[in-house]
Amino acid sequence: MTLDTFISLAQPLSLTARACISLHITEAYFRKIGLKHALVDEFFEHLWDHPLQSEPKEFSAWEAKRGDLVDFGLTDDLPDDLEELMPQLLINEAELFSVVEAPVEILWGNFFRTADDETAFDYLKFSLNLAEREGLIFPKISLYHDSLFADNNGWGKPISQPTRDAWRAGGKVH
């Protein structure tokens, strides 16, 4: 599938679906550059838990556990543990920030205000362009076809844990 085709198919998707696609690409990119660390694992586990937050009380508890790499994506300093790894990677801190920022901002950029379709879509397009540039296969977009921006103020219909698990397992990028 071409980048332009994927982008046109992704346009109607919810913020949740866009963040998950961006997460898949970020995970694949981190594997490609060899970025492995407990903070990275924590980052992905935390963000993959987002689709399961259905009540304000759950959301508040989830959001409070966001971790250092999420904070980095929200413009905090790079965690010291990861800063030590940077010389071994084929990426500089500014590039790492952009890769982390995309899935983080698709979510956090829309939590506390009206959903911003255009900006969230721009972050998804950043991830998709990264995937194309790095020769990564795009995630299976068909997994997300029922999660639309038109539903639930941009977030899509709530999903079950089995659906989230299917999204996570079935959308892996290689």
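These remarks concern the structure in this document. (Residues numbered from 1 in each chain as written. Predicted model: local features only at pLDDT ≥ 70, side-chain atom pairs only at ≥ 80, totals over all residues. Heavy atoms only, no water.)

1. Observations concerning the packing of aromatic side chains
Think of a pair of aromatic rings as described by two things: how far the centres are apart, and how the planes are tilted against each other in angle.
Phase 1 of the analysis: If you walk through the whole model with that rule in mind, you get 13 aromatic pairs.
Phase 2 of the analysis: On the numbers, 5.9 Å between centres and 90 degrees between planes, the contact of tryptophan 62 with phenylalanine 111 is edge-to-face. Note that tryptophan 62 is positioned in helix α4 (residues 56–64) and phenylalanine 111 in helix α7 (residues 93–111), a separation of 49 residues in sequence. Comparing tryptophan 62 with phenylalanine 111 shows no difference in burial state: the two are buried.
Phase 3 of the analysis: Ring geometry for phenylalanine 111 and tryptophan 155: centres 5.5 Å apart, planes at 20 degrees, overall stacked. Here phenylalanine 111, found in helix α7, pairs with tryptophan 155, found in the loop between α8 (117–133) and α9 (161–170); they are 44 residues apart in sequence, far enough to count as distant. Here phenylalanine 111 matches tryptophan 155 in class, with each residue buried. (Phe/Tyr/Trp six-rings, centres within 6.5 Å; stacked < 30°, edge-to-face > 60°. Helix = DSSP H or I, 4+ residues; strand = E, 2+ residues; numbered from the N terminus. Buried < 20%, exposed > 50% of the residue type's maximum accessible area, 1.4 Å probe, protein only.)

2. A few points about the pattern of salt bridges
Phase 1 of the analysis: The tally for this structure, following the rule as stated, stands at ten salt bridges.
Phase 2 of the analysis: Arginine 168 serves as the salt-bridge partner of glutamate 45, at 2.8 Å between the closest nitrogen and oxygen. With a gap of 123 residues between them, glutamate 45 in helix α3 (residues 38–49) and arginine 168 in helix α9 connect regions that are remote in the sequence.
Phase 3 of the analysis: The class for arginine 168 is buried, based on a relative accessible area of 18%.
Phase 4 of the analysis: Where arginine 164 meets aspartate 165, a salt bridge forms, and the shortest distance between an N and an O atom there is 2.7 Å. (Salt bridge = Lys/Arg side-chain N within 4 Å of Asp/Glu carboxyl O.)

3. Observations regarding a negative patch on the surface
Phase 1 of the analysis: On the surface, Glu42, Asp68, Asp76, Asp77, Asp80, Asp81, Glu83, Glu84 and Glu93 cluster together into a patch of negative charge.
Phase 2 of the analysis: With four residues, helix α6 (residues 80–85) is the largest single contributor of residues to the negative patch.
Phase 3 of the analysis: Checked against the element boundaries, aspartate 77 lands in the loop between α5 (67–73) and α6. (Patch = residues over 30% accessible without salt bridge, like charges linked within 9 Å, V, L, I, M, F, W, Y side chains within 5 Å. Areas by Shrake-Rupley, 256 points an atom, 1.4 Å probe, with all protein chains shown as cover. Lys, Arg positive; Asp, Glu negative; His and termini not counted. Charge placed at Lys NZ, Arg CZ, Asp CG, Glu CD.)

4. Comments concerning the packing of helix α2 (residues 15–33) against α3
Phase 1 of the analysis: Direction vectors running N to C along α2 and α3 enclose 165 degrees, while the axes themselves pass 11 Å from each other. Regarding the angle of α2 to α3, the classification is roughly antiparallel. Handedness of the crossing formed by α2 with α3: left-handed. Contacts between α2 and α3 pair Cys20, Leu23, His24, Thr26, Glu27 and Phe30 from the former with Val40, Phe43, Phe44, Leu47 and Trp48 from the latter. (Axes fitted to C-alpha atoms, helices over the stretch in contact; angles between N-to-C directions. Parallel < 35°, antiparallel > 145°, perpendicular 65-115°, else oblique. Left-handed = near helix turned anticlockwise from the far one by under 90°. Contact = heavy atoms within 4.5 Å.)

5. As for the side chain of glutamate 27
Phase 1 of the analysis: Mapped onto the fold, glutamate 27 is located in helix α2.
Phase 2 of the analysis: The charged side chain of glutamate 27 is buried without a salt bridge, its nearest counter-charge being arginine 168 at 4.0 Å.
Phase 3 of the analysis: Once residues lying within four places of it in the same chain are set aside, the contact partners of glutamate 27 are Phe44, Trp48 and Arg168.

6. Let's talk about unusual backbone geometry
Phase 1 of the analysis: One non-glycine residue with positive phi stands out, namely threonine 75, at about 85 degrees.
Phase 2 of the analysis: Counting through the fold element by element, threonine 75 comes out in the loop between α5 and α6.
Phase 3 of the analysis: A residue is classified by how much of its surface remains accessible, and threonine 75, at 63% relative accessible area, is exposed.
Phase 4 of the analysis: Positive phi, close to 55 degrees, is recorded for asparagine 152, a residue that is not glycine.
Phase 5 of the analysis: Among the structural elements, asparagine 152 can be located in the loop between α8 and α9.

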